[in-house]
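Residue-level structural notes
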Amino acid sequence: MDLNKYHILLASKSPRRREILKLLNIPFSVVNIDGLDESFPSDMKPEKVSQFIADKKADEFLKRIGDDEVIITADTVVICDDKILGKPKDKKEAHEMLRFLSGKTHKVTTGVTIATRYKRISFSSESLVTFAELTDEEIEYYIDVFHPFDKAGAYGIQEWIGAVAVAEIDGSFYNVMGLPVHRLYQELKKF
């Protein structure tokens with residue numbers, strides 16, 4: 001991996017993505033642009049949305065980077081019964097999302113784009129997560145203590161709810177956290 005010639009930029013406000021990328025032990029900086037448009041066509045298949053948004057973010061950042069910079073963008077969505085669960089706007093919506101996920105298997109897809117001004121690699125990763133049945137008391141406790149309002153699907157697998165509710169995962173744990181780091185590492189090696 002000859003990334004020494006590049007300055008790596010992680011375009012993310014997510015502390016979890018920063019934490020995961022640090023596991024690779026490669027130097028990077030974090031950059032942000034407020035007010036990025038994360039809309040997508042209403043007829044788009046839910047499984048395509050995260051990659052569409054990751055590419056859209058990359059397009060915006062590519063206008064601002066230098067020739068020696070690599071930008072990494074990502075977007076994660078939770079899909080249950082063909083419905084996309086984004087970040088809850090309040091406690092009521094968080095409760096509704098967790099009630100909806102309770103006792104079901106859902107998909108978590110993360111789209112990732114790695115780009116310079118001259119090269120781009122885009123990919124998405126999918127994990128299946130099975131939740132045990134949750135009581136209203138468990139849901140309320142989780143929301144009150146962990147405030148999952150910045151998380152797609154209203155949960156963080158690395159938190160208490162992951163220990164008590166996640167019965168099974170088929171796919172990458174880190175993908176569910178928000179960045180499929182194994183696949184990212186493999187793609188960076190090719191870059």
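Above this note sits the structure.
Residues numbered from 1 in each chain as written. Predicted model: local features only at pLDDT ≥ 70, side-chain atom pairs only at ≥ 80, totals over all residues. Heavy atoms only, no water.

Describing the packing of helix H3 (residues 91–101) against helix H4 (residues 136–146)
The contact between H3 and H4 brings their axes to 10 Å, and the two run at 135°. Relative to H4, H3 is oriented oblique. The handedness of the crossing between H3 and H4 comes out as right-handed. Contacts from Lys91, Ala94, His95, Leu98 and Arg99 of H3 reach H4 at Asp136, Ile139, Glu140, Tyr142, Ile143 and Asp144. A per-class count over the contact of H3 with H4 returns five nonpolar, one polar and five charged. (Axes fitted to C-alpha atoms, helices over the stretch in contact; angles between N-to-C directions. Helix = DSSP H or I, 4+ residues; strand = E, 2+ residues; numbered from the N terminus. Parallel < 35°, antiparallel > 145°, perpendicular 65-115°, else oblique. Left-handed = near helix turned anticlockwise from the far one by under 90°. Contact = heavy atoms within 4.5 Å. Nonpolar A, V, L, I, M, F, W, Y, C, P; charged D, E, K, R; others polar.)

Side note on the pairing of strand E5 (residues 105–115)
Burial within E5 is extensive, with nine of its eleven residues counted as buried. Here strand E3 (residues 69–80) runs beside E5; their pairing, made up of nine bridges, is antiparallel. By the bridge assignment for E5, Thr73 is matched with Thr113. Direction of pairing for E5 relative to strand E6 (residues 120–131): antiparallel, over a ladder of eleven bridges. Within E6, the position partnered with Thr105 by the bridge is Thr130. Counting the residues that bridge the hairpin from E5 to E6 gives four residues. (Buried < 20%, exposed > 50% of the residue type's maximum accessible area, 1.4 Å probe, protein only. Pairing = 2+ DSSP bridges.)

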